[in-house]
Amino acid sequence: MKALMLEEAGKGVKAELKDIDEAQLTERLPDGDVTVRVTYSTLNYKDGMILNGIGRLVRQYPHVPGIDFAGEVEKSEHPDFKPGDPVILTGWRVGEAHWGGYAEKARVKGEWLVPLPEALTFARAMALGTAGFTAMLAIMALEEHGLEPSQQGQVLVTGAAGGVGSVAVSVLARMGYSVAAVTGRQETHDYLRALGASEIIDRSELNAPSDKPLERERWLGCVDAVGGGMLARVLGQIAYRGSVAAVGLAGGNALNTTVLPFLLRGVNLLGIDSVMCPKAERAEAWRRLAETMPMDKLDAITQRARLEGLPDLSKQILEGRIQGRVVVEMPG
Ligand code: NDP
């Protein structure tokens, strides 16, 4: 089978398309009980880090990256799955600690798999992929903490033109929220308006630190894919008892803030983890994504790539130059 193999090269790593023996899948995960013929995988920010050897996410080489995939079950010893079943996988450290979706086949534990929701094709499920799934988890967390479309005000999305951001903007707008989108790229303004953003904010406005720990209450809530200085600034602008769903660190992982937004405004900082998310919540997030993501918008934010194009695209995602989502087509 063909696989994009990542190997150590000097102080870094090198990815190359190779023919490998399928038996290696079982050797790498002896207690795996389902083999999936992968149809699509995707390129996420974390895949970008892995493909460039950043963050020590992979400890064992050679490695097959790809943190998510969709495809048909080929072999199964798991009671919930049989050959031919359409499935999707995100998280569980697949593509990091375990071999992932950048190959014609993947072997995983059945408990990690989710049946493909009926309303989605493989291609659309992966156009959503880890980024879309995480955007939905973030929105669900904001709603669990009181956010609702009837409230007067705006919801902020940072890193808006990226994968998580694009899905968050589209879904929030479809649910009836007024969405303000933060981007560093002038050329994405029309794109973000087409997804449903009613206001576009330049990244520089929120990247600059404020000398006041609390500012005007500007946002009902926020889906934050950027972290760092922008998250610190946004916390001081959240309305009374509003929440920030912290998803990512594209702008850095340091967080220099004060306790005042929490003490004086009751702001909630909600951590979003898509990797170990429990099964019931996982299924609910996919159900709601299939129900609320406008499919025409999903198609419009998706570009397709092949395994051999990933080393180059992985550099672009780390530089914040990818717009929307990249779906990876398997060979064959
Ligand atoms: P993308 O690269 O597609 O999007 C990130 C966006 O952030 C970019 O498009 C850009 O948006 C903005 N950005 C990039 N660099 C900077 C910077 N230096 N300062 C400010 N903004 C910046 O990545 P994803 O959407 O796939 O992922 C976003 C983040 O979420 C990543 O950190 C990722 O690791 C994390 N993540 C976390 C998950 C979890 O379970 N918690 C799951 C999935 C992702 P623009 O050009 O519009 O400014």
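These remarks concern the structure in this document. (Residues numbered from 1 in each chain as written. Predicted model: local features only at pLDDT ≥ 70, side-chain atom pairs only at ≥ 80, totals over all residues. Heavy atoms only, no water.)

## As for the pairing of strand S4 (residues 68-76)
Along any regular strand the residues' side chains alternate between the sheet's two faces. Looking at chain direction, strand S3 (residues 34-43) and S4 are connected through seven bridges and run antiparallel. Pairing of Tyr40 across the sheet is with Ala70, part of S4. By the bridge criterion, five bridges tie S4 to strand S5 (residues 86-90) in an arrangement that is antiparallel. Bridge pairing in S5 places Ala70 opposite Ile88. (Pairing = 2+ DSSP bridges. Helix = DSSP H or I, 4+ residues; strand = E, 2+ residues; numbered from the N terminus.)

## Things to note about the environment of Tyr61
Its place among the elements puts Tyr61 in the loop between helix H2 (45-51) and S4. Setting aside chain neighbours within four positions, we find Tyr61 in contact with Leu6, Glu7, Glu8 and Val13. (Contact = heavy atoms within 4.5 Å.)

## A look at the pattern of salt bridges
In the structure shown here, the tally under the stated rule is 22 salt bridges. Measuring nitrogen to oxygen at the nearest pair gives 2.8 Å for the salt bridge that ties Glu22 to Lys105. You can see Glu22 sitting in the loop between strand S2 (12-19) and helix H1 (23-28) and its partner Lys105 sitting in strand S6 (residues 105-108), a full 83 residues away along the chain. Residue Glu22 is classed as partly exposed on the basis of its relative accessible area, which comes to 24%. (Salt bridge = Lys/Arg side-chain N within 4 Å of Asp/Glu carboxyl O. Buried < 20%, exposed > 50% of the residue type's maximum accessible area, 1.4 Å probe, protein only.)

## Observations concerning the sheet that holds strand S10 (residues 197-202)
Across the sheet, which stays open at both edges, the six strands sit in the order S10-S9-S8-S11-S12-S13 with parallel pairing between neighbours. For this open sheet the edge positions go to S10 and strand S13 (268-271), each flanked by a neighbour on one side alone. Recorded for the sheet is a direction-independent mean angle of 20 degrees between the axes of neighbouring strands. As defined by bridge partners, strand S12 (residues 238-246) adjoins S13 across four bridges and the pair is classed as parallel. Paired with Ser243 across the strands is Asn268, a residue of S13. (Axes fitted to C-alpha atoms, helices over the stretch in contact; angles between N-to-C directions.)

## Points about the side chain of Thr35
Here Thr35 shows up in strand S3. Judged by relative accessible area, Thr35 falls into the buried class, the value being 2%. Residues in contact with Thr35, not counting those within four places in the same chain, are Glu22, Glu72, Val73, Glu74, Lys75, Lys105, Ala106 and Arg107.

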